[in-house]
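# Breakdown of the fold
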There are 2 protein chains.
Amino acid sequence: MIVGLGPGNVLEMTPRARQAIEQAEVIAGYTTYIKLISNLIDGKKIIGTAMMQEIERCRQALDEAIAGKNVAVISSGDAGVYGMAGLIIDMILDSAAQIEFEVVAGVSAVNAAAAILGAPLMHDFAVVSLSDLLTPWELIKKRVNCAAEGDFVIAIYNPKSKRRVDNIVEVQKILLNYREKNTPVGIVTNAGRANERKIITTLGNFTAEEINMFSLVLIGNSQTYVKSGFMITPRGYENK
Amino acid sequence: MIVGLGPGNVLEMTPRARQAIEQAEVIAGYTTYIKLISNLIDGKKIIGTAMMQEIERCRQALDEAIAGKNVAVISSGDAGVYGMAGLIIDMILDSAAQIEFEVVAGVSAVNAAAAILGAPLMHDFAVVSLSDLLTPWELIKKRVNCAAEGDFVIAIYNPKSKRRVDNIVEVQKILLNYREKNTPVGIVTNAGRANERKIITTLGNFTAEEINMFSLVLIGNSQTYVKSGFMITPRGYENK
């Protein structure tokens, strides 16, 4: 079972995801995510690895499944969005063993963050990760340009890490070529978890705010507005 | 409470959404969605209206809230993606009454469809609706061009209705200017509901398949591949 946990609290985990975890004999996932479900894993074998050891983790999970165990591979949010689904499915299908699998969708981080900000995603949107580990930075910049030109609402995953602090500033510069300085920007850190934090600011100023690897940044389109502290994108272009 | 039901089966509705519905005295939503939760609404007042009467529906829901009732406004998928969240929040904030509200995120249709297809969304993606009711068709076409140029995986909402059959063909033509004919395309109709149907085909051929207003169409990026009937987008560009 390839399981999306949702944002990280039990109230936002689907019954299907919870059932998959409860029935599993082995749980594999990034240790931070395993901690989110610590109350559900008593007596289960845990394959917990640090970030960036995904391939090793998937291989161990696959070995357990080949040995006949019921295995749940977990990601926070939705397992199919920058998660583990692609890698593990590929490995399952390459394996000589006949392994049954299912992907259990979860509430994606972008939807959780949007709900906290109001309704910023109401119209067409683009999702871009600024992690340049597996994607050339030139392509990421091109995507930001394309999304800006198309007037998409833009959701930015992995906006910043300790090692990677300049990408978000470069993205801001690109976006300012297309959108007004006062375009609304929402930043949600730790959506749905302890220490959840919400900031509504502007395209001209947002990089001065605290942004880290647990943040999601949402850039409004040309129609997005802020009302009483909520960020709203209209459903269309007729009314403005 | 502004509630996303998820794809439409009770196993994929979050406990938070279910609780909001159970505690509500009044439920407002498109009648098709109300039917999805028919087992949860006994004894509640229902404001069910046909598609495209959203403003009237929100006004009635707001009146109930102003009268002191606990109201749940529901959408399928996530309420913040082409749903009711923007409209109702705007109306609440414009109202003189002090009404408390929360947005409850749901498993979005695009995540539900992706899970059924395999892992097509693993990398940056763009979500575009082909409904030209509130958005000029020229802008929609521009967005499709931009998303294609940025090599985004593209998720298409509202690909076709009885009235609107040509837009998807025009989109196909645009995309063929950027991507190979054999680019994988997934079509999921009624994701997570009775009569769920999954098709994996190609960019050159997909418009010949049955597509309707309950379908979601997912167009792969340049790296997406099909393996044993599953559609997979790799996490990056290094391995291909």
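Structure: above.
Described in the following lines is the structure provided in the data block. Note that the coordinates shown come from a computational prediction; the quantities given were computed from them, not determined experimentally. (Residues numbered from 1 in each chain as written. Chains lettered and ligands numbered in written order. Predicted model: local features only at pLDDT ≥ 70, side-chain atom pairs only at ≥ 80, totals over all residues. Heavy atoms only, no water.)

## A few points about the nonpolar core
Heads up, the rule is: Buried Ala, Val, Leu, Ile, Met, Phe, Trp, Tyr and Cys residues that are joined via side-chain atoms within 4.5 Å together make up what is termed a nonpolar core. Residue exposure (1.4 Å probe, protein chains only): buried if accessible area is under 20% of the type maximum, exposed if over 50%, otherwise partly exposed. Note on contacts: a residue pair qualifies if any of its non-hydrogen atoms lie within 4.5 Å across the two residues.
The biggest cluster of nonpolar side chains holds 90 residues, and the ones touching the most others in it are Leu218(A), Ile2(B) and Leu218(B). If we ignore the near neighbours within four places in the chain, the residues touching Leu218(A) are Val110(A), Ala113(A), Ala114(A), Leu117(A), Pro120(A), Leu121(A), Ile154(A), Ala155(A), Pro184(A), Val185(A), Gly186(A) and Met231(A). With 48 residues, the next largest nonpolar core counts Leu175(A), Ile187(A), Val144(B) and Ile187(B) among its residues.

## Concerning empty space enclosed by the protein
Our working rule: Here a cavity is any set of points on a 1 Å grid over the protein atoms alone where a 1.4 Å probe fits but cannot get out, and a pocket is any open set with protein on both sides within 12 Å along at least 5 of 7 lines; a residue lines the site when it has an atom within 4 Å of a point. Grid points are joined across faces, edges and corners, and a volume is the space filled by probe spheres set on the points. Here a strand is any run of E in DSSP of at least two residues, a helix any run of H or I of at least four, and the numbering for each starts at the N terminus.
Applying the stated criterion across every chain, the model contains one cavity of 30 Å³ or more. Empty space within the largest cavity amounts to approximately 30 Å³. Residue lining of the largest cavity: Val110(A), Asn111(A), Phe125(A), Ser108(B), Val110(B), Asn111(B) and Phe125(B), and that is the complete set. When contributions to the lining of the largest cavity are tallied by element, the ones reaching two or more residues are helix H5 (109–117) of chain A together with helix H5 (109–117) of chain B.

## Looking at the sheet that holds strand E3 (residues 45–49) of chain B
All names here are of chain B. Where we set the bar: We call two strands paired when DSSP finds no fewer than two bridges between them. All axes here are fitted lines through C-alpha atoms, helices being fitted over the stretch that makes contact, and every angle between N-to-C directions spans 0 to 180 degrees.
Across the sheet, which stays open at both edges, the five strands sit in the order E3-E2-E4-E1-E5 with parallel pairing between neighbours. Unpaired on one side and paired on the other, E3 and strand E5 (103–104) mark the two borders of the sheet. Of the strand pairs in this sheet, strand E2 (residues 26–30) and E3 are connected by five bridges, and their pairing is parallel. Pairing of Ala28 across the sheet is with Ile47, part of E3. Of the strands in this sheet, strand E1 (2–4), E2, strand E4 (71–75) and E5 are in contact with helix H1 (residues 15–23), which crosses E1 at around 135°. Along the sheet, helix H4 (residues 85–94) makes contact with E1, E4 and E5, crossing E1 at roughly 170°.

## A short note on the packing of helix H6 (residues 137–149) of chain A against helix H7 (residues 167–176) of chain A
The packing of two helices is summarised by the inter-axis angle and the distance between the axes. All names here are of chain A. What counts here: Note on convention: the crossing is left-handed when the near helix lies turned anticlockwise from the far helix by less than a right angle, right-handed when the turn is clockwise. When residues are sorted by character, Ala, Val, Leu, Ile, Met, Phe, Trp, Tyr, Cys and Pro go into the nonpolar class, Asp, Glu, Lys and Arg into the charged class, and all the rest, Gly among them, into the polar class.
Running from N to C, H6 and H7 cross one another at 35°; their axes reach a closest spacing of 10 Å. Along this stretch, H6 crosses H7, giving a crossing that reads as right-handed. Taking contact as the criterion, the partners of Trp137, Lys141, Val144, Asn145 and Ala148 in H6 are, on H7, Asn167, Glu170, Val171, Ile174 and Leu175. Broken down by class, the residue content of the contact of H6 with H7 amounts to six nonpolar, two polar and two charged.

## Quick word on the pattern of salt bridges
What counts here: Basic side-chain nitrogens of Lys or Arg form a salt bridge, by our definition, when they fall within 4 Å of a carboxyl oxygen of Asp or Glu.
Per the stated rule, a full pass over the model turns up 28 salt bridges over all chains. Linking Lys227(B) and Asp94(A) is a salt bridge whose minimum nitrogen-to-oxygen distance equals 2.7 Å. Taken together, the residues span two chains, with Lys227(B) in strand E12 (residues 225–227) and Asp94(A) in helix H4 (residues 85–94). Overall, the relative accessible area of 54% leaves Asp94(A) in the exposed class. Between Glu102(B) and Arg16(B) there is a salt bridge; the shortest N-O distance is 2.9 Å. Here Glu102(B), found in the loop between H4 and E5, pairs with Arg16(B), found in helix H1; they are 86 residues apart in sequence, far enough to count as distant. On the accessibility criterion, Glu102(B) (38% relative accessible area) is partly exposed.

## Here we look at the packing of aromatic side chains
All names here are of chain A. Threshold: Stacked, tilted and edge-to-face are the three classes assigned to paired rings of Phe, Tyr and Trp, where Trp is represented by its six-membered ring and a pair needs centres within 6.5 Å; plane angles under 30 degrees give stacked, over 60 edge-to-face, the rest tilted.
Taken as a whole, this structure holds six aromatic pairs over all chains when the rule is applied. On the basis of an interplanar angle of 90° and a centroid distance of 5.0 Å, the ring pair of Tyr30 and Tyr33 is categorised as edge-to-face. Ring geometry for Tyr82 versus Tyr157: centroids 4.9 Å apart, planes at 55°, classification tilted. Here Tyr157 lies in strand E8 (residues 153–157) and Tyr82 lies in the loop between strand E4 (71–75) and H4, a separation of 75 residues in the sequence.

## Observations regarding the sheet that holds strand E6 (residues 118–119) of chain B
Pairing within the open sheet is mixed, and its three strands lie in the order E6-E13-E12 (chain B). The sheet is open, and its two borders are formed by E6 and E12 of chain B, each paired with just one other strand. Across three bridges, E12(B) lies against strand E13 (residues 230–232) of chain B in antiparallel orientation. Bridge pairing links Val226(B) to Met231(B) in E13(B). Packing of H4(A) onto the sheet brings it into contact with E6, E12 and E13 of chain B, and relative to E13(B) it is tilted by some 135°.

## Things to note about the packing of helix H3 (residues 54–66) of chain B against H4(B)
All names here are of chain B. Here is the rule: Angle categories are assigned with fixed cut-offs, so that under 35 degrees is roughly parallel, over 145 is roughly antiparallel, 65 to 115 is roughly perpendicular, and the rest are oblique.
Contact pair H3 / H4: the axes reach a minimum separation of 10 Å and the direction vectors enclose 45°. Relative to H4, H3 is oriented oblique. For H3 against H4, the interelement crossing comes out right-handed. Residues Glu54, Ile55, Cys58, Arg59 and Leu62 of H3 lie in contact with H4, whose contacting residues are Leu87, Ile88, Met91 and Ile92.

## Quick word on the interface of chain B and chain A
Our working definition: Two parts placed together each lose some accessible area; with a 1.4 Å probe, that loss summed over both constitutes the buried area. Counted as a polar contact is a pair of N or O atoms within 3.5 Å, where, for protein atoms, one must be capable of donating a hydrogen and the other of accepting one, and residues adjacent in sequence contribute only when both atoms are in side chains.
Chain B puts 67 residues into the contact, and the matching count from chain A is 67 residues. Roughly 5700 Å² of surface becomes buried between chain B and chain A when both sides are summed, with 60% attributable to carbon and sulfur atoms. By the criterion of area lost to chain A, the three top residues of chain B are Leu134(B), Arg143(B) and Arg235(B), representing 13% of everything that side buries. Linking chain B with chain A are 12 salt bridges. In this structure, Arg143(A) engages Asp124(B) in a salt bridge whose closest nitrogen and oxygen atoms are separated by 2.7 Å. Taken together, chain B and chain A are joined by 36 residue pairs in polar contact (both at pLDDT 80 or more). Here the residues of the side of chain B that touches chain A sort into 37 nonpolar, 16 polar and 14 charged. Inspection of the sheet shows strand E7 (residues 125–129) of chain A paired to strand E7 (residues 125–129) of chain B by three bridges, in the antiparallel sense. By the bridge assignment for E7(B), Phe125(A) is matched with Val127(B).

## A short note on the relation of the copies chain B and chain A
Convention followed: The atoms used to superpose the copies are C-alpha atoms, taken from residues with pLDDT of at least 70 in both, and the fit is least squares.
Once chain B is rotated about the relating axis by 180° and shifted along it by 0.0 Å, it coincides with chain A to within an RMSD of 0.0 Å. Taken together, the rotation and translation relating the two chain copies correspond to the operation of a two-fold axis. Of the interface residues in chain B, 100% have counterparts in chain A that sit at the interface too, so the contact is made through matching surfaces.

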